[in-house]
Protein chains: 2
Amino acid sequence: MPQHLIRKLEQFACLAPADKRALEDAAARKVRLFGPHQDIIGEGDEPEHVNLILEGWACRYKQLEDGRRQIISFFLPGDLCDPHVFVLREMDHSIGTITPVRLAEIHRDQILHVTEEHPRITQALWWEMLVTAAIQREWTVNLGQRTGRERIGHLLCELFIRLRGVGLTEGDSCLLPVTQVDLGDATGLSNVHVNRVLQELRASGLIVLRGKRLTIPDLEALQRVALFNLNYLHLYREGPDFDANGSDQPLA
Amino acid sequence: MPQHLIRKLEQFACLAPADKRALEDAAARKVRLFGPHQDIIGEGDEPEHVNLILEGWACRYKQLEDGRRQIISFFLPGDLCDPHVFVLREMDHSIGTITPVRLAEIHRDQILHVTEEHPRITQALWWEMLVTAAIQREWTVNLGQRTGRERIGHLLCELFIRLRGVGLTEGDSCLLPVTQVDLGDATGLSNVHVNRVLQELRASGLIVLRGKRLTIPDLEALQRVALFNLNYLHLYREGPDFDANGSDQPLA
DNA sequence: CGGCGGCTTGAGCTGGATCAATTACCGTGG
DNA sequence: CCACGGTAATTGATCCAGCTCAAGCCGCCG
């Protein structure tokens, strides 16, 4: 079931068949379905388990008292919503679906068990946590320094490359099941302005966007326009003989 | 030496004397001094150890090719710069000082050793990592949704409360050793505009700022103006009989 | 005393916001 | 097959928060 997670982790580590089976097992215990635009967990709730997105898109968001809403990150298939969140008492933000979502609820004991038995997975989850943090930092840069066109371009690059990492692109295109309002909430722009920026990107041939399908004919060109530097996604890969046992896991 | 770190962690967990000794020991091995406006580690470098700020202010930042610079987070005394960073091959951002800084370089094995022997510390470091991530998310909201005055107000609230947590406030005031350019780089505003916002906050009596000393006569008022909600700092505290052994550590 | 980094202030400009329609795109029921 | 209703995309017009440029000022240090 969790092919996407496995595929993602394999960008970093080589997992043995037993590792994969352990992940499959953990993700099969409890599967839940959500409709579009539904909260998976809300601010103030107590997190009880780790959610693994199996299918569909979701997002982390925060709403200010006066209604302004910021999307803090997108969750794509294969993404884990905080593999450790139960250390904290309550959620300081919400997680909601964008499309219909199928997810696996993984109990904390499961996580504990899997990571105890499978050092490669532990190592790979560390990598995934650190990359998630790096993405969050990059969003800070995006919102703080980039212009509208750069922000949107950057976000599209990131999403495309992340989707590619879990096998959800076809050639130079992918699905982009978000509204322009969502894009605005993620980039700190108004929906009207998002619309205009998208037109501009279309007009300069940097993207093709029809319905929910995004095509990026020349990814490098878009990256250039958006000042997108791949390094923060840390997509190097350890050698095939990589063995997590050989390198100690910090904090573990 | 690492009183600030200990004090910070004690906001969350009760540390035994042995725990504190272990932290003191780890932080005493290798101490380094930096001048102001110096890089501690740069983008592209390979991280070799964990840095613990003992004294002074530093920041994480990222510079775009054309010179635009975003401060991604501030490091205050007691802050750890990524207690796990060596999982990644190279830095995707830089860390630089603001004031002169005294820091402890902690070797990864040290961290490993301390966390193996001291579950309460492990738990507390998890808490600190998660709060760091929450702060990063809040910055995303800050940059994406808040107005200039709200952004600056929010940042000042956050810094004040974090400083208070490590014992570096005196009553309603603290040191704020950053330039207005720095504040601009952190909030995505121009230095000129930062200046005007500060004037405005001063004029409305929300802050007193003379030289490097910031006074917040009415913190709640400033919080209200900045739409600052304390919850993301997770400053509840476990009971005095809290014992990390009783609650499993995830991923460990 | 002169130089320099940082703070202030003024003036004019603009990226992006807001407000207000209008139009395209469904999915649904008749 | 079409009419209907709701959501999302688009367009136009106007406004403003925050930017840029430029100059002056202040305090500190060599």
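About the criteria used
- Residues numbered from 1 in each chain as written.
- Chains lettered and ligands numbered in written order.
- Predicted model: local features only at pLDDT ≥ 70, side-chain atom pairs only at ≥ 80, totals over all residues.
- Heavy atoms only, no water.
- Helix = DSSP H or I, 4+ residues; strand = E, 2+ residues; numbered from the N terminus.
- Rg over C-alpha atoms; globule rule 2.2 N^0.38 Å.
- Buried < 20%, exposed > 50% of the residue type's maximum accessible area, 1.4 Å probe, protein only.
- Contact = heavy atoms within 4.5 Å.
- Areas by Shrake-Rupley, 256 points an atom, 1.4 Å probe, with all protein chains shown as cover.
- Lys, Arg positive; Asp, Glu negative; His and termini not counted.
- Charge placed at Lys NZ, Arg CZ, Asp CG, Glu CD.
- UniProt positions renumbered as here; feature names shortened; annotations may be inferred.
- Near = heavy atom within 4 Å.
- Polar contact = N/O pair within 3.5 Å; in protein donor to acceptor, adjacent residues only side chain to side chain.
- Nonpolar A, V, L, I, M, F, W, Y, C, P; charged D, E, K, R; others polar.

**Remarks on the overall build of chain A**
- A tally of regular secondary structure across chain A gives eight helices and 12 strands.
- Over its C-alpha trace chain A gives a radius of gyration of 18 Å, about what one expects of a compact globule, namely 18 Å for 252 residues.
- Its C-alpha atoms give chain A principal-axis dimensions of about 50 × 45 × 30 Å.
- Out of the 252 residues belonging to chain A, those deemed buried represent 60%.
- Within chain A, contacts between residues at least 6 apart in sequence are counted, and of these 74% link residues at least 24 apart.
- For chain A, the accessible surface area stands at approximately 9,800 Å², while carbon and sulfur atoms represent 48% of it.
- Each charge sign in chain A was given a centre, from 28 positive and 35 negative side chains, and these centres are 6 Å apart.

**Re the UniProt feature "domain: HTH crp-type" (unreviewed entry) in chain A**
- The UniProt entry lists residues 146-220 of chain A under the feature "domain: HTH crp-type" (unreviewed entry), expressed in the numbering used here.
- Counted over residues 146-220 of chain A, helix gives 55% and strand 15%. Its end C-alpha atoms are 18 Å apart.

**Observations concerning the protein's contact with DNA strand D**
- Taken together, 16 residues surround DNA strand D, and among them Q180, N195, R196 and Q199 of chain A together with H193 of chain B come closest.
- Those atoms of DNA strand D that come within 4 Å of the protein belong to sugar or phosphate at a rate of 67%.
- One of the side-chain N or O atoms of R196 of chain A is found 2.5 Å from a base nitrogen in DNA strand D.
- One of the side-chain N or O atoms of S190 of chain B is found 2.8 Å from a phosphate oxygen in DNA strand D.
- Put simply, the parts of the chain that give the surface near DNA strand D at least two residues each are α7 (191-203) of chain A together with α7 (191-203) of chain B.
- Grouping the amino acids of the surface near DNA strand D by side-chain chemistry returns three nonpolar, nine polar and four charged.

**Some details on the environment of Q180 of chain B**
Residue and element names in this part refer to chain B.
- One can find Q180 in helix α6 (residues 180-187).
- By relative accessible area, which is 28% here, Q180 ends up partly exposed.
- The residues contacting Q180, other than those within four sequence positions of it, are N191, V194, N195 and L198.

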